[in-house]
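Take a look at the letters that make up each chain.
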Amino acid sequence: MTTDVSTELSMPARRLPVADPDRPTSASPRWRQAVVLARRSLIKTWRTPEALVDVTLQPILFLALFTYIFGGAIAGGSQHAYLQFLLPGLLGQTIAMASVSLGQNLNTDIQKGVFDRFRSLPISRSAPLVGAVLADLVRYLVLFTVTMVFGTLMGYRVTTGWTGVLAALGLAMGFALCFGWISVFVGMIARAPGAVQGIMFLLVLPLSFGSNTFVPTQTMPGWLQAFVKVNPISHLVSAVRGLMTGGPVAGHVGWTLVWMVGLLAVFAPLAVRAYRRRA
């Protein structure tokens, strides 16, 4: 039996379906795409362990330096008392500030053409951004573990129970996710990864050191106290400190939640718009 070649050639070629990244997808595939891309980010971090310096060595250095060098002077000679004051505040502050690398990593991927490859794949446009955020959650957990283990070895003791510690961790991670939208926005508008780091540090340093993380508010000049009392990091630190070592909690948690809503309302739309324009 012979094949009619002319008939076959005249038939229209069947086109394979091509997935459109902009087409709405169901929640499950989109979630799996984000998880796969988060795993990619974690593998990249594992192969470049120096990228974890800010969540491993940095909190250890801060705890040791501030406790043993400044602790005696700040806490009236009791380094242990200062450690009890410092560790919860440092934990909340460093988790919040760890989100700075999120925008820098996204900017690096764009500069290297990684997002050009993503656009050619049948995935949701939001998957790379969600995957980067999920990978950042792992960094926060690493920072929390390192800080608590090293602080315990130095003599820190939780006085409210581990329920309070987990609540403090959840609050700090939630604030970090909201604060991270600033980093994403800067990462999308900056021209280079180094520029992202520079811009974010200009914002992070005043918020970090102009707070009650390292010293009590009442020891500062009056004009600085006014800034510290409205600083979102101060409210976060006070809430984490209260949840882990006791003290007023409700008011600081409430103000922290207000700041989280404000950050989401302002910077999430700006970041998403810049992300869609750039990626």
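Everything numeric here is computed off the predicted structure, so don't read it as measured data.

Undergrad: Can you walk me through the packing of helix H4 (residues 79-97) against helix H8 (residues 162-189) in this structure?
TA: Packed helices, taken two at a time, are described by the angle between their axes plus the distance between the axes. For the pair H4 and H8, the least separation of the axes is 8 Å and the interaxial angle reads 30 degrees. Considering the angle they form, H4 stands roughly parallel to H8. In this structure, H4 crosses over H8, and the sense of that crossing is right-handed. The segment H4 lies against H8, with Gly-92, Ile-95, Ala-96 and Met-97 engaging Leu-169, Ala-172, Met-173, Phe-175, Ala-176 and Phe-179. Its residues assigned to classes, the contact of H4 with H8 comprises nine nonpolar, one polar and no charged.

Undergrad: Please clarify how the packing of aromatic side chains should be interpreted in this entry.
TA: What characterises a pair of aromatic rings is the spacing of the ring centres plus the angle enclosed by the ring planes. All chains considered together, the criterion is met by nine aromatic pairs. Measuring from ring centre to ring centre gives 5.9 Å for Phe-62 and Phe-66, while their planes differ by 55 degrees; the resulting arrangement is tilted. Separated by four residues within a single helix, Phe-62 and Phe-66 lie in helix H3 (residues 57-74), roughly one turn from each other. Owing to a relative accessible area of 16%, Phe-66 belongs among the buried residues under this scheme. With centroids separated by 6.1 Å and ring planes inclined at 20 degrees, the aromatic side chains of Phe-175 and Phe-179 adopt a geometry described as stacked. On the criterion of helical spacing, the pair formed by Phe-175 and Phe-179 is a turn pair, its members being four residues apart in helix H8. Phe-179 shares its class with Phe-175; the two are buried. Within the aromatic cluster, the residues linked to one another by ring pairs are Phe-62, Phe-66, Phe-70, Phe-209 and Phe-214.

Undergrad: Sorry if this is basic, but what is going on with the environment of Ala-268 here?
TA: Relative to the assigned elements, Ala-268 resides in helix H12 (residues 250-278). In the structure, Ala-268 is positioned 87 residues away from Trp-181 in sequence and 5.5 Å away in space, judged by C-alpha atoms. The contact partners of Ala-268, leaving out residues within four places of it in the chain, are Trp-181 and Leu-263.

Undergrad: Is there a simple way to think about the confidence of the model for the protein in this case?
TA: The predicted coordinates ought not to be read in detail in places where the model reports low pLDDT. The pLDDT averaged across the protein works out to 84; a share of 90% of its residues lies at or above 70. Put simply, helix H1 (residues 5-10) is where the protein has its lowest mean pLDDT, 41, and helix H11 (residues 232-245) is where it has its highest, 94. Across residues 1-27 the pLDDT falls below 50, and counting only partners more than four positions away or on other chains, this stretch makes twelve contacts in the model.

Undergrad: Please explain the side chain of Ser-211 as it appears in this structure.
TA: Tracing the backbone through its elements, the reader meets Ser-211 in the loop between helix H9 (193-209) and helix H10 (222-230). For Ser-211, a relative accessible area of 1% gives the class buried. The contact partners of Ser-211, leaving out residues within four places of it in the chain, are Met-220, Val-228, Asn-231, Ile-233 and Ser-234.

Parameters at a glance
- Residues numbered from 1 in each chain as written.
- Predicted model: local features only at pLDDT ≥ 70, side-chain atom pairs only at ≥ 80, totals over all residues.
- Heavy atoms only, no water.
- Axes fitted to C-alpha atoms, helices over the stretch in contact; angles between N-to-C directions.
- Helix = DSSP H or I, 4+ residues; strand = E, 2+ residues; numbered from the N terminus.
- Parallel < 35°, antiparallel > 145°, perpendicular 65-115°, else oblique.
- Left-handed = near helix turned anticlockwise from the far one by under 90°.
- Contact = heavy atoms within 4.5 Å.
- Nonpolar A, V, L, I, M, F, W, Y, C, P; charged D, E, K, R; others polar.
- Phe/Tyr/Trp six-rings, centres within 6.5 Å; stacked < 30°, edge-to-face > 60°.
- Buried < 20%, exposed > 50% of the residue type's maximum accessible area, 1.4 Å probe, protein only.
- pLDDT = per-residue confidence, 0-100.

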